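Okay, here's what each chain looks like letter by letter:
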Amino acid sequence: MTPSLTPEHLPALHNEEDRQMPRTIFDDAYYQRFYNEDPVHTAQKVAQLATAVDSLCAWWDIPVHSVLDIGAGPGMWRDWYHTHRQHVKVQSIDISEHA
């Protein structure tokens, strides 16, 4: 049986604006709020996820030659691959000029 997610498992939403419609503008204020002082996704958490995904691919004998990171934000996946899997070509893209 899969445990259900409860509110304490979900990232905290910082203000009323974050609980409304999906954001369409990812400006400097957005990146300041979610990636700087109190980040929603820390480099450590992204590294844990990247390690897990990479390990799962290895377990399934899926060679990873390239990665396309869409919505890359500040590029934490790119940084992980450049540090741990230098042979993997990483292409990162984000809609915001502030990422």
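Structural notes, computed from the coordinates. In this text, all values refer to a predicted model and were calculated from it rather than measured experimentally.

Reading the values: rules and limits
Residues numbered from 1 in each chain as written. Predicted model: local features only at pLDDT ≥ 70, side-chain atom pairs only at ≥ 80, totals over all residues. Heavy atoms only, no water. Helix = DSSP H or I, 4+ residues; strand = E, 2+ residues; numbered from the N terminus. Buried < 20%, exposed > 50% of the residue type's maximum accessible area, 1.4 Å probe, protein only. Contact = heavy atoms within 4.5 Å. Pairing = 2+ DSSP bridges. Right-handed = clockwise from strand over helix to strand, strands pointing away. Axes fitted to C-alpha atoms, helices over the stretch in contact; angles between N-to-C directions. Parallel < 35°, antiparallel > 145°, perpendicular 65-115°, else oblique. Left-handed = near helix turned anticlockwise from the far one by under 90°. Nonpolar A, V, L, I, M, F, W, Y, C, P; charged D, E, K, R; others polar. Salt bridge = Lys/Arg side-chain N within 4 Å of Asp/Glu carboxyl O.

Points about the environment of Ser92
On the secondary structure map, Ser92 appears in strand 2 (residues 89–93). Residue classification places Ser92 among the partly exposed residues on the basis of a relative accessible area of 23%. Once the C-alpha coordinates of Ser92 and Ile70 are considered, the two residues, 22 residues apart in sequence, prove to be 6.1 Å apart. Setting aside anything within four residues of it in sequence, one finds Ser92 in contact with Asp69, Ala72 and Arg78.

Let's talk about the pairing of strand 2
If a strand is regular, its side chains alternate between the two faces of the sheet. With five bridges joining them, strand 1 (residues 66–70) and strand 2 adopt parallel strand pairing. Counterpart to Ile70 in the pairing with strand 2 is Ile93. Running through helix 3 (residues 76–84), the crossover from strand 1 to the neighbouring parallel element strand 2 is right-handed.

Some words on the packing of helix 2 (residues 43–59) against helix 3
Viewed as axis vectors pointing N to C, helix 2 and helix 3 meet at an angle of 60°, and their least axial separation amounts to 9 Å. The angle between helix 2 and helix 3 falls in the class oblique. Relative to helix 3, the crossing made by helix 2 is right-handed. Listed contacts from helix 3 to Ala43, Val46, Ala47, Leu49, Ala50, Thr51, Val53 and Asp54 of helix 2 are Met76, Trp77, Trp80 and Tyr81. Considering only residue class, the contact of helix 2 with helix 3 consists of 10 nonpolar, one polar and one charged.

With respect to the pattern of salt bridges
If you walk through the whole model with that rule in mind, you get two salt bridges. Of the charged contacts in the structure, one is a salt bridge between Arg85 and Asp54, with a shortest N-O distance of 2.7 Å. Of the two residues, Arg85 sits in the loop between helix 3 and strand 2 while Asp54 sits in helix 2, which places them 31 residues apart along the sequence. Relative accessible area serves as the criterion here: at 29%, Arg85 is assigned to the partly exposed category. Put simply, Arg78 and Asp79 hold a salt bridge, and the shortest N to O gap is 2.9 Å. A residue is classified by how much of its surface remains accessible, and Arg78, at 30% relative accessible area, is partly exposed.

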